[in-house]
Structures are given as C-alpha cells and as structure tokens.
Amino acid sequence: MRFARKALVLQGGGALGSYQAGVYDALSRHRDQPQWIAGVSIGAINAALIAGNAPERRVARLREFWELVSSGPSQRLPSWMGDRATLNQWSANLASLFGIPGFFKPRVSPQLMLGGAAPLLSYYDTSPLRETLERLVDFDRINAREMRLSLGAVNVRNGNSVYFDNAVQKIGPEHIMASGALPPGFAPVEVDGEQYWDGGLVSNTPLQYVLDNHPRSEALVVLQVDLFNARGPLPTTLSEVMERQKDITYSSRTRMNTDALAANMNLQQAIADLIDKLPAGLRNDPSVAAIQSQLTHQPIDIFHLIYRDKPYERDSKDYEFSRATVEEHWEAGARDMRCTLGHPEALRSDVQSNGVTTFDLGEPGAIRVKRPM
C-alpha cells in the first residue's frame with residue numbers, strides 16, 4: 001500500500017469556472033484534501049482563492065467571488081425577452097459592453113476607433129480584478145506554503161510556457177492576473193520585468209507541469225477539472241459551430257496531453273521493470289542503474305471531471321456571467337464531485353495500481369477506467 005500526495009488541477013474557461021468552485025465545495029467535505037493546487041486562467045483565480053484562505057473559509061471566499069462577478073446588468077434581464085438561449089446571449093453581450101463587476105471593465109478611449117491600428121493592448125481593463133484579489137486572497141498564507149500553488153502563464157516575447165510557483169518564488173496578485181490575461185480582451189501583465197499572457201494559449205491544463213515536477217519517489221493522485229467537453233452533437237447553426245470549435249480546441253488538447261503523458265510514463269516504468277530482470281552484472285552497472293533511476297516512478301492516478309454543458313449554452317458560454325448560469329455551473333460541479341466520491345476507487349490515498357491510471361467520469365454515475373498499458 002502506497003500513500004499518495006493529492007493535487008487539484010484546474011483548467012481555464014472563463015465563466016465556466018464556477019463549475020470548479022462547485023467541485024471544490026463538495027471536495028472540501030472529503031476527509032483528504034489536496035496538498036497541491038495548479039491552475040490556468042480562471043483556474044488560477046479559483047486556485048488562489050482556495051490556497052489563499054483558511055480551510056474553513058475557502059468555500060465562502062469562492063462564493064463571494066462568484067456572486068460578485070455575477071452581479072452585473074444581466075441580473076435585471078426580464079424573462080419575456082426570450083428563451084434561455086436568448087437570455088444567455090443577451091447576458092454575454094452585456095458583459096462585452098459593460099464588463100464584469102470585480103473583474104474587468106471596458107476601456108473608454110477614442111483610439112479604439114482605429115480598430116486594429118489602435119495603440120492599445122486590450123479592449124478591457126483588469127484593474128478591478130487586482131482589487132478583488134487583494135481583498136479576497138491572503139497572500140501571506142499563500143507564501144507561507146501551507147498548500148503548494150502553481151499558476152500557468154505564457155511569456156509574450158518568447159512564447160514559452162511559464163509557471164509561477166510558491167514553492168520557488170513569492171506569489172502576488174500580478175501572477176494570478178498574468179495567468180488569466182487572455183488577449184485581445186486583456187492586456188499582458190508585467191512580472192519581474194517580463195510581460196505575460198494567459199497560460200491557456202500554450203496549454204489549457206497544468207497537468208504536465210504537475211507530473212513533471214512531482215517527485216518520482218512519491219505516489220500521486222490528481223483530480224483534473226475540465227471545462228470543455230470533447231464530445232458533442234453535430235452543429236446545426238453558426239453559433240453551434242463556434243461553440244463546437246471552442247470545445248474541441250481546448251478539450252482535445254487536454255485529452256491528447258493526458259494520454260501522451262500517461263503512455264510515456266507507463267513506457268518508462270515498463271523499461272525500468274525490464275531492467276530489473278537483467279542479470280545482476282548488467283543491472284548493477286552504474287550507467288544502467290542511473291538510467292533505471294530516471295525511469296522509475298511511483299503510481300499515479302488521474303481523475304478527469306468534465307463539465308457537460310446545457311443544450312441552450314452557446315459559444316458565449318465562457319463569458320456569460322449571469323447569476324442563474326453561475327449557480328447552475330456551481331451545482332453541476334458539486335453534483336459531479338459527490339457522484340465521483342461515491343465510488344470506492346475515487347481519490348483513494350492508498351493507490352493500488354502501478355504506472356499511470358486515468359479515470360474518466362463518463363455518463364453521470366459511471367467512472368470509465370483506462371488501465372496502464
């Protein structure tokens with residue numbers, strides 16, 4: 001029996017991030033809590049709200065943030081305006097025009113009349129987000145390293161993925177804002193003299209960073225919360241085409257990375273196991289022993305929790321912040337997490353199988369297991 005470290009991995013997805021908050025709401029009632037949380041974009045904001053508060057206050061802080069950002073003009077939309085899909089689109093349009101409370105506001109500048117030639121770096125100003133983070137996140141707690149926090153961003157000049165990690169540096173509001181600075185909506189954020197954009201431009205999930213930086217000598221259990229679903233119906237309208245394109249772009253990259261990482265690590269372990277079967281003379285050769293030490297790792301379990309959108313959600317779902325939608329996403333996350341925790345194999349600290357095993361929450365109530373090769 002090998003006891004595992006637990007990590008929570010949060011993908012980017014804008015307004016869909018309230019699903020992650022619901023997941024944590026249910027997870028917070030579980031006896032074993034994650035010791036490491038990694039996020040990109042909205043996942044970085046949720047991660048900071050969790051790591052930057054005492055355990056008993058985390059859900060309340062998440063609730064406060066999501067109630068704040070869902071308190072804009074869309075709350076006053078009358079039901080006679082149309083069906084739910086129409087109301088959601090109007091809500092997203094209002095967010096585009098007027099911004100989101102505590103998050104971002106539109107830039108008011110005549111230079112925007114120049115279109116693409118405007119000497120500006122974004123359509124919106126994210127200074128409200130800094131004020132929100134400074135109020136809701138205890139950065140002293142983050143930097144005391146009670147929980148490891150890793151936030152993904154992209155260097156604008158060289159295009160390289162970068163992770164800000166409280167295990168190696170001091171974290172401030174600018175690191176969280178850099179992780180969520182999605183162009184052209186948001187401007188790059190300066191950190192230590194460099195400019196950074198949203199980490200989702202390179203990879204929308206921090207999973208690879210967690211696996212690369214986790215000690216091979218420790219078993220690991222990862223809960224990865226995805227906000228875009230690879231599976232979906234054939235589109236019948238232009239809006240559905242754009243939604244499907246967005247889902248495939250972000251979910252397929254996550255799925256491809258996960259499958260490739262699992263296959264690679266399982267192959268490494270298989271080679272290490274093969275070396276164990278060599279005659280002692282070969283096995284104890286220093287060069288062979290050195291190779292084996294680099295290939296051997298303790299078991300890793302990866303649980304995928306995937307948000308499945310409603311039929312009336314369209315391509316604007318990642319910037320539709322109405323209160324009704326935020327609450328629906330939160331409840332869906334809490335329900336799916338409770339369902340997952342209802343399975344005896346879910347998030348066990350005493351990992352059972354060698355290699356990398358992935359668990360997908362398939363249809364509601366079922367876990368699909370992909371065993372190591």
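This text follows the structure it describes.
Everything numeric here is computed off the predicted structure, so don't read it as measured data.

Procedures and definitions
Throughout, residues of each chain are indexed from 1 in the direction in which the sequence is written. Restriction of local features to residues with pLDDT of at least 70 applies here, the model being predicted, together with a cutoff of 80 or more for giving and counting side-chain atom pairs; totals for whole chains, interfaces and linings are based on all residues. Values shown for side chains rest on all heavy atoms present in the structure; no hydrogens or waters enter the calculation. Helix and strand assignments come from DSSP, with helices taken as H or I runs of at least 4 residues and strands as E runs of at least 2, each series counted from the N terminus. Radius of gyration: over C-alpha atoms. The globule rule applied is 2.2 Å multiplied by the number of residues raised to the 0.38 power. Think of it in three bands: residues with accessible area under 20% of the maximum for their type are buried, residues over 50% are exposed, and the middle band is partly exposed, with areas taken using a 1.4 Å probe on protein chains only. What counts as a salt bridge is simple: a side-chain nitrogen of Lys or Arg found within 4 Å of a carboxyl oxygen of Asp or Glu. Aromatic rings from Phe, Tyr and Trp, taking only the six-membered ring of Trp, are treated as a pair when their centres fall within 6.5 Å; an angle between ring planes under 30 degrees marks them as stacked, one over 60 as edge-to-face, and anything in between as tilted. For two strands to be treated as a pair, DSSP must find at least two bridges joining them. Between two residues, a contact is recorded if the distance between any of their heavy atoms is within 4.5 Å. Here, the term nonpolar core denotes a set of buried Ala, Val, Leu, Ile, Met, Phe, Trp, Tyr and Cys residues that are joined through side-chain atoms within 4.5 Å. Multiplying 1.5 Å by the helix residue count minus one yields the expected span of that helix. To define axes, lines are fitted to C-alpha atoms, for helices over the stretch in contact only, and angles between the resulting N-to-C directions are given on a 0 to 180 degree scale. What sets the label is the angle itself: under 35 degrees gives roughly parallel, over 145 gives roughly antiparallel, 65 to 115 gives roughly perpendicular, and the rest give oblique. Each crossing is labelled by how the near helix is turned from the far one, with a counterclockwise turn of less than a right angle marking it left-handed and a clockwise turn marking it right-handed. Side-chain classes are defined by residue name, with Ala, Val, Leu, Ile, Met, Phe, Trp, Tyr, Cys and Pro counting as nonpolar, Asp, Glu, Lys and Arg as charged, and the others, Gly among them, as polar.

Draft legend 1. The arrangement of the overall build of the protein in detail. Helix and strand content of the protein: 12 helices and 13 strands. Relative to its length of 373 residues, the protein is compact, with a C-alpha radius of gyration of 22 Å against a globular reference of 21 Å. With the C-alpha coordinates of the protein rotated into their principal frame, the extents come out at 75 × 45 × 40 Å. In the protein, buried positions account for 52% of the 373 residues.

Draft legend 2. Representation of the pattern of salt bridges. Summed over the entire model, instances satisfying the criterion amount to 18 salt bridges. Residue D25 pairs with R29 through a salt bridge whose shortest N-O separation is 2.4 Å. Judged by its relative accessible area of 12%, D25 is buried. Overall, the relative accessible area of 64% leaves R29 in the exposed class. R141 is the partner of E146 in a salt bridge, and the nearest nitrogen-oxygen pair spans 2.5 Å. We classify R141 as partly exposed; its relative accessible area is 21%. Within the structure, one salt-bridge network assembled from shared partners comprises E243, R244, D247, D309 and K317.

Draft legend 3. Up close: the packing of aromatic side chains. Applying the stated criterion to the full structure yields 14 aromatic pairs. Both rings, one in W66 and one in F321, keep their centres 6.4 Å apart while their planes meet at 15 degrees; by these two values the pair is stacked. Taken together, the positions of W66 in helix α3 (residues 58–69) and F321 in the loop between β10 (300–306) and α12 (323–341) put the pair 255 residues apart, joining distant regions of the chain. No difference in accessibility class separates W66 from F321, as the two residues are buried. Relative to F186, the ring of Y124 lies with its centre 6.4 Å away and its plane at 75 degrees, an arrangement referred to as edge-to-face.

Draft legend 4. Geometry of the pairing of strand β9 (residues 219–226). The buried count for β9 comes to 8 of 8 residues, which makes it a mostly enclosed element. Residue alternation in β9 divides its side chains into two sets, A219, V221, L223 and V225 and L220, V222, Q224 and D226, and both sets are buried. Pairing analysis gives 7 bridges linking β9 to β10, with the strands arranged parallel. Considered in β10, the bridge of L223 is made with F303.

Draft legend 5. Examining unusual backbone geometry more closely. The omega angle of the peptide bond from P183 to P184 is -5 degrees, so this bond is cis rather than trans. With respect to the helices and strands, the residue P184 is situated in the loop between α7 (173–179) and β7 (189–191). Despite not being glycine, S41 shows a phi value in the positive range, around 60 degrees. Tracing the backbone shows S41 in the loop between β2 (36–40) and α2 (42–51).

Draft legend 6. View of the environment of P183. Looking at where P183 falls in the secondary structure, it is placed in the loop between α7 and β7. The sequence separation of P183 and Q33 amounts to 150 residues, and the corresponding C-alpha distance is 34 Å. Excluding residues that lie within four positions of it along the chain, P183 makes contacts with W197 and L201.

Draft legend 7. Representation of the nonpolar core within the structure. Core analysis: the largest hydrophobic core is formed by 67 residues, its most contacted members being I37, I45, F65, W66, F103 and L223. For this core, the leading source of residues is α2, giving 8 residues. Apart from residues lying up to four places away in sequence, F103 is in contact with I42, I45, V69, D125, T126, P128, L129, F186 and F321.

Draft legend 8. Examining the pairing of strand β8 (residues 194–198) more closely. As defined by bridge partners, strand β5 (residues 148–155) adjoins β8 across 3 bridges and the pair is classed as antiparallel. When the bridges of β8 are listed, N155 appears paired with Y196. Examined bridge by bridge, β7 and β8 share 3 bridges and lie antiparallel to one another. Counterpart to V189 in the pairing with β8 is Y196. Here β7 folds back onto β8 in antiparallel fashion, the turn holding 2 residues, of which D192 has a positive phi close to 50 degrees.

Draft legend 9. How the structure looks around helix α4 (residues 84–98). Taking 1.5 Å per residue as the helical rise, α4 with its 15 residues ought to reach 21 Å, and the 21 Å between its terminal C-alpha atoms agrees with that figure. Buried-residue contacts for α4 involve β4 (124–125) and α12. At the C-terminal side of α4, G99 shows a positive phi close to 85 degrees.

Draft legend 10. Region of the structure containing the packing of α3 against helix α5 (residues 127–136). Interaxial distance between α3 and α5 falls to 11 Å at its minimum, and their mutual angle equals 155 degrees. Judged on the interaxial angle alone, α5 and α3 are roughly antiparallel. Crossing angle aside, the handedness with which α3 passes α5 is right-handed. Packed against α3, whose contacting residues are R61, E64, F65 and L68, the element α5 presents L129, T132, R135 and L136 at the interface. Broken down by class, the residue content of the contact of α3 with α5 amounts to 4 nonpolar, 1 polar and 3 charged.

Draft legend 11. Fine view of the environment of G185. Positionally, G185 belongs in the loop between α7 and β7. Overall, G185 belongs to the buried group, its relative accessible area being 16%. Distance in space between the C-alpha atoms of G185 and E131 is 19 Å, their sequence separation being 54 residues. With sequence-adjacent residues up to four places away left out, G185 is seen in contact with S122, Y123 and Y124.

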